[in-house]
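Structural features, examined
Take a look at the letters that make up each chain.
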Amino acid sequence: MGTGGSPLVGEVDPTEAWRILSTEDNARLIDVRTRAEWGFVGVPDIGELDQTPLFIEWARFPDMSVNPAFAAELDSALAPGNPGPLLFLCRSGARSMQAAHSVAAHFAAQGREVHCLNVAEGFEGDLDALGHRGGHNGWKARGLAWRQS
């Protein structure tokens, strides 16, 4: 638990996220971006780790309204019992942090512990000097496996 009674959410860079996914048997990657982002930008490919990301929208395109059932949808998509580390990924790390906090609170309210980690930099990373994403930092820029969906 974090301070003030709110569940603690950690943060890792994409390379550390890959390491956790490759070494922790129960670790799961949750891509919280929109269906449009998955379709047009691409998705992480963790098949060589014998895994598939969970794809659950945190906010729904086009109005970006928060999915009120997000935590419950994720909970039911996970294997029974307390899961291993949950790694949350979005475009640049903001929505995934919100989603991680929501899930940590959801589990805490049930008296269950879960280790939630935000993947800082996200899938596409921060804007570069020209205002573009995907080359400065993030999952793709760090050379981690991904594919067009």
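Residues numbered from 1 in each chain as written. Predicted model: local features only at pLDDT ≥ 70, side-chain atom pairs only at ≥ 80, totals over all residues. Heavy atoms only, no water.

Our next topic: the pattern of salt bridges. A complete count under the given rule lists seven salt bridges for this structure. Where E16 meets R19, a salt bridge forms, and the shortest distance between an N and an O atom there is 2.7 Å. One end of the pair, E16, and the other, R19, are both in helix 1 (residues 14-23), three residues apart, so they sit about a helical turn from each other. We classify E16 as partly exposed; its relative accessible area is 28%. Of the charged contacts in the structure, one is a salt bridge between D75 and R112, with a shortest N-O distance of 3.0 Å. Residue D75 is located in helix 3 (residues 70-77), and its partner R112 is located in the loop between helix 4 (94-109) and strand 8 (116-119); the two are separated by 37 residues in the primary sequence. (Salt bridge = Lys/Arg side-chain N within 4 Å of Asp/Glu carboxyl O. Helix = DSSP H or I, 4+ residues; strand = E, 2+ residues; numbered from the N terminus. Buried < 20%, exposed > 50% of the residue type's maximum accessible area, 1.4 Å probe, protein only.)

To continue, consider the pairing of strand 2 (residues 28-31). Bridge count between strand 2 and strand 7 (residues 86-89): four bridges; the pairing is parallel. From the neighbouring strand, D31 faces strand 7, where its bridge partner is L89. For strand 2 and strand 4 (residues 54-55), the ladder comprises two bridges, and the chain directions are parallel. In the sheet register, I30 faces strand 4, and the bridge partner there is L54. (Pairing = 2+ DSSP bridges.)

Any link to function would need more than the numbers given here.
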